[in-house]
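Spelled out from the first residue to the last, the chains are:
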Amino acid sequence: MTAKNSSFAILHQIFVLDAHLEKSLDTEAQEPITRNFIADFLNALGLDPLGPLGIYPAVDERAPGWSFIQPITTSHISAHYFEKPGKAPHIRIDAYSCDQVDWEELVRVCHTHFSLADWRGTFIDREIDPLENRPVVDISGVGSTVIKQRVLNPAKLNRLMSAI
């Protein structure tokens, strides 16, 4: 796999997804589930792995499931799948890339592999220049369908954070 565009410009984009799943994942198949997901996720990003995929079964009974992290050409993808008795199974995924992120395509890939029920996402275009806006998009949906999307006011967010 090669990067999706040859005129690479360093960006800093993050997509975070927190989702309930329609059904539990097979914890006995955590390795193939994770490897297949990462292969498709990397393909959607148009990026290559930078190092080996780490898959870590949970050791804390309060948060059963597994975690994984995949270093990529420009940063990393990390996640944790939880399955607590009596609760809907859910997954938390963080994707940080220094290349363009198409978060709608990433949602589709996540739904294909994990059968998303309801979910919330956040897309951040990390800008360090104080004269540039730092776009933050709050997103929610069901399955692969986006139900709500709104751009948060960076100035208001900065005022809220400085009050903490």
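Data block above holds the structure.
Residues numbered from 1 in each chain as written. Predicted model: local features only at pLDDT ≥ 70, side-chain atom pairs only at ≥ 80, totals over all residues. Heavy atoms only, no water.

It is worth spelling out the pairing of strand 8 (residues 145-152) at this point. Where strand 7 (residues 136-142) meets strand 8, seven bridges bridge the pair, whose relative direction is antiparallel. Within strand 8, the residue paired with G141 across the bridge is V146. What sits between the antiparallel neighbours strand 7 and strand 8 is a turn of two residues, in which G143 has the positive phi angle 60 degrees. (Pairing = 2+ DSSP bridges. Helix = DSSP H or I, 4+ residues; strand = E, 2+ residues; numbered from the N terminus.)

The next thing to look at is the sheet that holds strand 4 (residues 75-82). Spatially, the eight strands line up as an open sheet ordered 2-3-4-5-1-6-7-8, and their pairing is antiparallel. Looking at the sheet topology across the chains shown, the edges are occupied by strand 2 (54-57) and strand 8. On average, adjacent strands in this sheet sit at an angle of 10 degrees to one another, irrespective of strand direction. In terms of strand pairing, strand 4 meets strand 5 (residues 90-97) through seven bridges, oriented antiparallel. When the bridges of strand 5 are listed, H76 appears paired with Y96. Running at roughly 35 degrees to strand 3 (residues 65-72), helix 1 (residues 30-45) makes contact with strand 2, strand 3, strand 4 and strand 5 of the sheet. In the packing of helix 2 (residues 103-114) onto the sheet, contacts are made with strand 1 (13-21), strand 5, strand 6 (116-125), strand 7 and strand 8, and the angle to strand 6 comes to roughly 150 degrees. (Axes fitted to C-alpha atoms, helices over the stretch in contact; angles between N-to-C directions. Contact = heavy atoms within 4.5 Å.)

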